[in-house]
Amino acid sequence: MRRTPVYVVCSPRPAVGKTLIARVLAEFLLLKNGAVSAFDINLREPSLLNYLPRFTETAQIGDTFGQMALMDRLIVNDGVPKVIDLGFHAFDDFFKVVAEIGLMKEAERRGIDPIVMFIPDRDRASMVAWQMLRTTFPNAALVPVENEHVLWGPLPQGFERVRPFRIAALPGFLKSIIGRLNFSFTHYLRTNRDQSSELHQWVRGNYTRFRELELNLILHKL
Amino acid sequence: MAKPAVIVVGADKGGVGKTTVSRTVLDYFNANNIPTRAFDTEAPRGTLMRFHPDITEIVDVTSTSDQMKIFDTLNTSGTSVTVIDVRAGLLSPTLASLRDIGFLDAAKSGQITFAVFHILGPSIASLDEIAETANFMDGARYFLVKNFINNTSFFEWDQATYNSYFRRIKNATELTIPKLNEMAYEQVEVASVPFLKFVANKGPKDEAANYSFVLRGYVRHWLGNVWGEFDRIKLTEIVGSKDSKATPRAPTSEI
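Residues numbered from 1 in each chain as written. Chains lettered and ligands numbered in written order. Predicted model: local features only at pLDDT ≥ 70, side-chain atom pairs only at ≥ 80, totals over all residues.

Peer 1: I'd like to hear about the pairing of strand 6 (residues 141-147) of chain B, residue by residue, with values.
Peer 2: Residue and element names in this part refer to chain B. Burial analysis of strand 6 places six of its seven residues in the buried class, which makes it a mostly covered element. Bridge count for strand 5 (residues 113-120) against strand 6 is six bridges, and the pairing is parallel. Counted as the bridge partner of Ile 119 is Val 145 from strand 6. Here six bridges tie strand 6 to strand 7 (residues 172-177), and the two strands are oriented parallel to one another. Considered in strand 7, the bridge of Lys 146 is made with Thr 176. (Buried ≥ 20, exposed ≤ 12 C-beta atoms within 10 Å, placed from the backbone. Helix = DSSP H or I, 4+ residues; strand = E, 2+ residues; numbered from the N terminus. Pairing = 2+ DSSP bridges.)

Given below as C-alpha cells:
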C-alpha cells in the first residue's frame, strides 16, 4: 500500500537552520517524487514561503480553523510528500495539538509516515523538548539533526544512542549564496559543471542522506 | 437478572449541559455493552431524542401515564439501565413525583438502583438547588456534576459556601466534565449524532461521514476524559453491569 511521508522540521530554539533544512528536503522530495507540499508555520523567522512560493503555503495552529486547515490535509494519504517548517514559537502548541487529537496513531492507520526532524542546539530547552517528544510519541520516527552550523561538535548529552542526520557546515561565502531567495539546490546540481565544488558536494551529500533516511525508514517498517 | 437502574440527569436551571451529560452517559453505556434506554422530558421536540433516536422516547415525567410508561416497565423493557434527561426546572418536581409513587422507597430498600446526576450551574442558585434536591437523596447515589463544557467558571461560588452545602449531603460525589473545543462541540451539534459516532466518522445511519479529523480528535480526547470520570465513580458497577470488572473501552475511531 502506498504510504505518504510527512516531515516536520522543528526545534524549540530560533536560528538553528530549520528553514534551510526544510528547503533542501522539499527540493529533494520534489526532484524524487515530482511533487511536494510544504507548510510554513513561522511567525517571526525567515520563511520557507519566501524560498519556495510555488509549493509552500502558510499554516497556523493557534486556532481551530488553522488546525483543521493544516492537520486535515496532513492526514490524507495522497502520495504527495509533505514538509512542515515549524517555527520555534509554534513548537509547543503544534505538538500539544498533535498529541491531543491523536494524529500519530491515526497517521499509522491511514498510511501516513510522520517523521520529526528535530534540530537541537546546546541550550537546555532543546534537551527538554527532545525528551518531551520521546515520551509523548514513543513510536514515532524522531530524527535528531546534527547541524554543524549550530553545534560545532557532536550532539549534546541526551542524544546518545540515536543516529543523527548530519548537515555539514559551509563557509560563509557559500552560505550567502544559498541564502539568496532565488537559489535552487536542484537547479544548481543540474547546471553546475564542477562536481568537485564544495557546494555541489554539500547538496549531493544532503540529497544522498535524505535518500538513505527514507530507505532506513522503509526497512524499519518492514 | 440485575436489578433495574434509573439515572436521572437534571438541574433546575437551564443551559447548564444536562443533555450533553446524558449523551456522554448513553455513549459510555453503549461502549460498555450495557443495554440502555432513555427518556427525554423536553417535549415536544427533545434534544436528546435528536442524538439518540433509536433508544429515546419523549415523555412528560409529571403525567401519570408517562410515569407508568417509565417506571412500570423497568423490569420488562429488556434493558437494565434507564436514563432520564429531565428538562430545566423539573428536577425537584420529578423527584417529588418519584417520592409520591413510592419509587424512592423502593430505591431505599434496594429493589432499584437509583442515581441522580445533578448538573451545577455557575450561580449561587445552584447551591440552593443542592440543598433542595438533597432532601430526596436518601437511598440514591447523588452526583454533583461541575460542567465546564461551555467554559463555565463557577465565578459566583465561594468554595467555603460550596463545601458547606456539599458536606450536608451523605455520599454525594463530585464529577467534573471538562471543556470541549467550541468548534468540535458545534460540529457534533450540526451532525446530530452521538459523540461516539462522530469520533468514528459515521453519520446518523452509520453511513460514512466526512467530519474534520482535528475535530474528531478533540471529541475523542474529551470523551476519554469524561469516561475517565465515569470510571472513577465506577458507573458500570453502580448500575450492576455483569461486565463491570471489564476494562471500559476508550473512545476510538472505529466502532
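Read on for the rest.
Peer 1: Outline the interface of chain B and chain A, listing residues and values.
Peer 2: Taken together, the contact between chain B and chain A spans eleven residues of the former and eleven residues of the latter. Of all the elements, helix 10 (residues 213-232) of chain B adds the most residues to the side of chain B that touches chain A, at seven residues. When the residues that make up the side of chain B that touches chain A are grouped by side-chain class, the tally is five nonpolar, five polar and one charged. (Contact = placed C-beta atoms within 7 Å. Nonpolar A, V, L, I, M, F, W, Y, C, P; charged D, E, K, R; others polar.)

Peer 1: Summarise the confidence of the model for chain B; cite the residues concerned and give the values.
Peer 2: In this model, chain B carries an average pLDDT of 86, and 89% of its residues clear a pLDDT of 70 or more. Reported confidences for the modelled complex are a pTM of 0.88 and an ipTM of 0.87. (pLDDT = per-residue confidence, 0-100.)

Peer 1: Can you tell me about unusual backbone geometry, naming the residues and giving the values?
Peer 2: Most peptide bonds take the trans configuration, and most residues that are not glycine carry a negative phi. Positioned with a positive phi, Arg 161 of chain A is a non-glycine residue whose angle comes to about 65°. Topologically, Arg 161 of chain A is positioned in the loop between helix 7 (148-151) and strand 7 (165-167). Although it is not a glycine, Asn 201 of chain B adopts a positive phi angle of roughly 60°. By the secondary structure assignment, Asn 201 of chain B is in the loop between helix 9 (195-199) and helix 10.

Peer 1: Residues and numbers for the packing of helix 3 (residues 64-74) of chain A against helix 10 of chain B, please.
Peer 2: Running from amino to carboxyl end, helix 3 of chain A crosses helix 10 of chain B at an angle of 115°, the nearest separation of the two axes being 8 Å. Considered as vectors, helix 3 of chain A and helix 10 of chain B are oriented roughly perpendicular to each other. Residues Thr 64, Gln 67, Met 68, Met 71 and Asp 72 of chain A of helix 3 of chain A form the contact with helix 10 of chain B, whose own contacting residues are Phe 213, Val 214 and Leu 215 of chain B. For the contact of helix 3 of chain A with helix 10 of chain B, the class distribution of residues is five nonpolar, two polar and one charged. (Axes fitted to C-alpha atoms, helices over the stretch in contact; angles between N-to-C directions. Parallel < 35°, antiparallel > 145°, perpendicular 65-115°, else oblique.)

Peer 1: I'd like a description of the pairing of strand 5 of chain B, backed by residues and values.
Peer 2: Of all eight residues in strand 5 of chain B, eight are buried; the element is thus mostly enclosed. The alternating pattern of strand 5 of chain B places Thr 113, Ala 115, Phe 117 and Ile 119 of chain B and Phe 114, Val 116, His 118 and Leu 120 of chain B on opposite faces, both of which are buried.

Peer 1: A description of the sheet that holds strand 2 (residues 37-41) of chain A should follow, citing residues and the corresponding values.
Peer 2: Residues and elements named next belong to chain A. One open sheet holds the seven strands; their spatial order is 3-2-4-1-5-6-7, and the pairing between them is parallel. Lying at the two open borders of the sheet, with one neighbouring strand each, are strand 3 (56-58) and strand 7. Ignoring strand direction, the axes of neighbouring strands in this sheet form an average angle of 20°. Summarising the sheet, strand 5 (residues 112-118) and strand 6 (residues 141-147) pair through four bridges and their orientation is parallel. Residue pairing across strands places Val 116 opposite Leu 142, the latter belonging to strand 6.

Peer 1: Report on the sheet that holds strand 4 (residues 81-85) of chain B, specifying residues and quantitative values.
Peer 2: Residue and element names in this part refer to chain B. Spatially, seven strands are ordered 3-2-4-1-5-6-7 in an open sheet, and the strand pairing comes out parallel. Edge strands, defined here as strands with exactly one partner in the open sheet, are strand 3 (56-58) and strand 7. With direction set aside, neighbouring strand axes in the sheet form an average angle of 20°.

Peer 1: Outline the packing of helix 8 (residues 182-191) of chain B against helix 10 of chain B, listing residues and values.
Peer 2: All names here are of chain B. Between helix 8 and helix 10, the least distance of the axes is 9 Å, while the angle of their chain directions is 100°. The pairing of helix 8 with helix 10 is recorded here as roughly perpendicular in orientation. Contacts between helix 8 and helix 10 involve Met 183, Ala 184, Gln 187 and Val 188 from the former and Leu 215, Tyr 218 and Val 219 from the latter. Of the residues in the contact of helix 8 with helix 10, the class split is six nonpolar, one polar and no charged.

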